[in-house]
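# Secondary and tertiary structure notes
Listed below are the residues making up each chain.
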Amino acid sequence: MTDTGSLLKTLVCRACSTECDPSRPVGTCPQCGHTLFAEYALERLDGRAWAAALRGRGPSIWRFRELLPVHRSEAIVTLGEGSTPILPLPEVPEAAGVEVALKDDGGLPTGSFKARGMAVAVSRATELGLRRFFVPSAGNAAVALAAYGARAGASVRVYLPESAPGPMRAACALFGAEVIEVPGTIREAGEIGRARERDAGSFDMSTLREPYRLEGKKTMGLEIFEQTTAETFPNAIVYPTGGGTGLVGMAKAFEELGALGLLERVPRLYAVQPEGCAPVVRALSEGTERIRPWESARTVAPGLKVPAPFASERILEAVRASRGGGVTVSDREIVRSMRSLAARYGISVSPEAAAPYAALAELVRRGAVRSGERVLLYGTGTGLAFSAEALEREVVG
Ligand SMILES: Cc1ncc(COP(=O)(O)O)c(C=O)c1O
Ligand SMILES: [Zn+2]
């Protein structure tokens, strides 16, 4: 049955502890509607031997196959995603003495980290016999689902806010997806999409409403571990937070690496959000267990315009357990950071991916990040679909 060596064992709801059979397609917890988490038979894996074996396995995320949910290699739908570089950013003026680096997922297929999640979700769905998918998305997740769906020969419908970047809408169509534009934010796109698709026999690929995109996002944390040593492993990771999947995924990676005896220390996770849409940062500072929806969201970073993240308890848990925190940045600082990363370091980032750089000054000012520490900024996507000049006009206008 299994030729990948996947140790997938069960699906568990972290809200009510219900267990679900992973051999059938499932979305959220059938008891309470929260996110289901994949669990693996980690006790069957020799951590040290596994970590050593990774070196000979090539660059795609499928080298982590024991900790991914696909059992048969023929079901794997891949565009070569994985192994993005960690680029040092020497002498960041806003963070004197801090060792700053950026993990650049802009080079992944379809230009963003969403490729990691969709590669795994589409592969697992294909293995389970699903052929029709839909997703509400700010842009990047839709492009990724459209591309992996095309490669799988599946049918894809995407629900995009009208404000989604034009090149992303065009890319979805080029990959053969049906594009439906919806007024409002991703929140409305999700509501309308789910209502329309209810009886259409199409599977909901919304983030954290199916269990396996998270497993793909987990590879961000697995790679950071693999690409560093005990000496160079980051003290803190700064992450541009929208739906929060990346934070929850990295935290899950560090949990599993800990259980395998490979990791003793978890980096502090910092959620960065724009001032005009910061429901996660607000909940962190208010100390609440859940996130209240943000009214009148406004930002130049489309992927961070998520007024009501779905798995809010899990996002807050991930940040708090790591002893990290939240930071807001202005749109102006976001665009300025796109320019700095491009002009000073040669790195093209999207507005979302510029947000962690924009947060550095505040993290240093607060003493959250100190001289001599290693800080990893997560660069979630390329800036090639964006014009900094046009965004500047939007900020001013
Ligand atoms: C480039 C980019 N960065 C970050 C995010 C937010 O991701 P997450 O859901 O992991 O918080 C998105 C989501 O659309 C995105 O497209
Ligand atoms: Zn539950």
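Counting restarts for each chain: residues are numbered from 1 in the order of the written sequence. Each chain takes a letter, starting from A, and each ligand takes a number, starting from 1, following the order in which they are written. Note on the predicted model: pLDDT of at least 70 is required for a residue's local features to be given, and 80 or more for side-chain atom pairs to be given and counted; whole-chain, interface and lining totals, by contrast, use all residues. For side-chain calculations, the full set of non-hydrogen atoms in the structure is used, while hydrogens and water are omitted.

### Digging into the overall build of the protein
Strands are runs of DSSP state E lasting at least two residues, helices are runs of H or I lasting at least four, and both sets are numbered from the N terminus onward. The secondary structure content of the protein amounts to 12 helices and 13 strands. When we talk radius of gyration, it's over C-alpha atoms, and the globule rule is simply 2.2 Å times the number of residues to the 0.38. A compact globule built from 397 residues would reach a C-alpha radius of gyration of about 21 Å, and the protein, at 19 Å, matches this within 12%. Projected onto its principal axes, the C-alpha positions of the protein cover 55 × 50 × 40 Å. Contacts are assigned to residue pairs with any non-hydrogen atoms lying within 4.5 Å of each other. When contacts within the protein are restricted to residue pairs at least 6 apart in sequence, those whose partners lie at least 24 apart make up 71%. For the protein, the accessible surface area stands at approximately 15,600 Å², while carbon and sulfur atoms represent 49% of it. The method behind every accessible area is Shrake-Rupley, applied with a 1.4 Å probe, and residues are considered shielded solely by the protein chains displayed.

### A short note on the coordination of the zinc ion (ligand 2)
Donor criterion used throughout: N, O or S atom within 2.8 Å of the metal, extended to 3.2 Å for Na, K and Ca. Water excluded; incomplete-looking sites may result. Those protein atoms acting as donors to the zinc ion (ligand 2) are Cys 13 (SG), Cys 16 (SG), Cys 29 (SG) and Cys 32 (SG), and they sit at 2.2 to 2.3 Å. Coordination geometry of the zinc ion (ligand 2): the 4 donor atoms subtend angles of 102 to 115° at the metal centre, consistent with an arrangement described as tetrahedral. Every donor residue of the zinc ion (ligand 2) comes from the same chain, spaced as C-x2-C-x12-C-x2-C. Separated by 19 residues along the polypeptide, Cys 13 in strand 1 (residues 8–13) and Cys 32 in the loop between strand 2 (19–20) and strand 3 (36–40) bring together distant segments of the chain. Judged by relative accessible area, Cys 32 falls into the partly exposed class, the value being 32%. Under this scheme a four-donor centre is tetrahedral when all angles range from 85 to 135 degrees, a four-donor centre is square planar and a six-donor centre octahedral when opposite donors are above 155 degrees with the rest from 65 to 115, and any other centre is irregular. Throughout this description, buried means an accessible area under 20% of the type-specific maximum (1.4 Å probe, protein chains only), exposed means over 50%, and partly exposed covers the range between.

### What to know about the sheet that holds strand 11 (residues 268–274)
For sheets, the rule is that strands pair by backbone hydrogen bonds, running either parallel or antiparallel. Strand pairing is assigned whenever DSSP detects at least two bridges linking the two strands. Judged by pairing direction, the sheet is mixed, and its 6 strands sit side by side in the order 4-5-13-10-11-12 without closing on themselves. A strand with exactly one partner marks an edge of an open sheet, and here the two such strands are strand 4 (86–89) and strand 12 (325–329). The mean angle between the axes of side-by-side strands here comes to 25°, regardless of whether they run parallel or antiparallel. One ladder, built from 5 bridges, connects strand 10 (residues 236–240) with strand 11; its direction is parallel. Opposite Tyr 239, over in strand 11, you have Ala 271 as the bridge partner. A fitted line through C-alpha atoms represents every axis, and for helices the fit uses only the stretch in contact; the resulting angles, taken between N-to-C directions, go from 0 to 180 degrees. Its contacts with the sheet put helix 10 (residues 331–345) on strand 4, strand 5 (99–104), strand 11 and strand 12, and the angle it makes with strand 12 is roughly 90°.

### Some points on the packing of helix 2 (residues 114–127) against helix 3 (residues 140–152)
It is at 9 Å that the axes of helix 2 and helix 3 come closest, and there the two elements cross at 40°. Between helix 2 and helix 3, the angle is such that the two are oblique. Where helix 2 crosses over helix 3, the handedness of that crossing is right-handed. On helix 3, the residues that touch Lys 114, Ala 115, Met 118, Ala 119, Val 122 and Thr 126 of helix 2 are Asn 140, Ala 141, Ala 144, Leu 145, Tyr 148 and Ala 152. Residues are grouped as follows: Ala, Val, Leu, Ile, Met, Phe, Trp, Tyr, Cys and Pro are nonpolar; Asp, Glu, Lys and Arg are charged; every other residue, Gly included, is polar. Within the contact of helix 2 with helix 3, the residues separate by chemical class into 9 nonpolar, 2 polar and 1 charged. Here roughly perpendicular refers to angles of 65 to 115 degrees, roughly parallel to angles under 35, roughly antiparallel to angles over 145, and oblique to all remaining angles. Note: crossing handedness is left-handed where the near helix turns anticlockwise from the far helix by less than a right angle, and right-handed where it turns clockwise.

### Describing the nonpolar core
Here, nonpolar core refers to any group of buried Ala, Val, Leu, Ile, Met, Phe, Trp, Tyr and Cys residues whose side-chain atoms link them within 4.5 Å. Trp 50, Leu 89, Phe 133, Met 205 and Leu 377 are the most contacted members of the largest nonpolar core, which totals 127 residues. Those residues within four positions of Leu 89 in sequence are excluded, and the remaining contacts are Val 100, Ala 101, Leu 102, Leu 341, Tyr 345, Ile 347, Tyr 357 and Leu 377.

### Brief notes about unusual backbone geometry
Note: most peptide bonds trans; most residues except glycine with negative phi. Despite not being glycine, Thr 110 has its phi angle at roughly 70°, a positive value. Turning to its location among the elements, Thr 110 is positioned in the loop between strand 5 and helix 2. Judged by relative accessible area, Thr 110 falls into the partly exposed class, the value being 24%. Positive phi is not limited to glycine here, since Arg 323 has a value of about 65°. Relative to the elements of secondary structure, Arg 323 occurs in the loop between helix 9 (312–321) and strand 12.

### Observations concerning the site of ligand 1
It suffices for a single heavy atom of a residue to lie within 4 Å of a molecule or strand for the residue to be listed as near it. Looking at ligand 1, there are 15 residues lining it, with Asn 140, Tyr 239, Gly 242, Gly 244 and Thr 380 nearest. A distance of 2.8 Å is found between an oxygen atom of ligand 1 and a side-chain nitrogen or oxygen belonging to Asn 140. Measuring from an oxygen atom of ligand 1, one finds a backbone N or O atom of Gly 244 at 2.7 Å. For ligand 1, the protein covers 97% of the area, taking 400 Å² as the surface of the free molecule. At the level of secondary structure, the elements contributing two or more residues to the shell around ligand 1 comprise strand 10 and helix 7 (245–259). Residue composition of the shell around ligand 1, by class: 3 nonpolar, 10 polar and 2 charged. A 3.5 Å cut-off defines polar contacts: any pair of N or O atoms within that distance qualifies, except that in protein one atom must be a possible hydrogen donor and the other a possible acceptor, and neighbouring residues in sequence count only when both atoms are side-chain atoms.

### Description of the pairing of strand 1
In terms of burial, strand 1 is a largely internal element, 5 of the 6 residues being buried. Pairing between strand 1 and strand 3: 5 bridges, direction antiparallel. For Leu 11, the partnering residue across the bridge sits in strand 3 and is Ala 38. Counting the residues that bridge the hairpin from strand 1 to strand 2 gives 5 residues, and of these Ser 17 lies at a positive phi of roughly 70°.

### Comments concerning the state of the cysteines
Two cysteine sulfur atoms form a disulfide, by the criterion used here, when they sit within 2.5 Å. Applying the stated rule across the entire model yields 0 disulfides. Cysteine Cys 20 remains unbridged, with the sulfur of Cys 29 as its closest cysteine sulfur at 6.3 Å.

### Looking at helix 8 (residues 279–286)
Turning to helix 8, its buried residues are Pro 279, Val 280, Val 281, Ala 283 and Leu 284. Buried residues along helix 8 sit in contact with strand 11, helix 9 and strand 12. Trailing helix 8 by a residue or two, Gly 287 shows a phi angle of about 75°, which is positive.

Shape is all these values report; function is a separate question.
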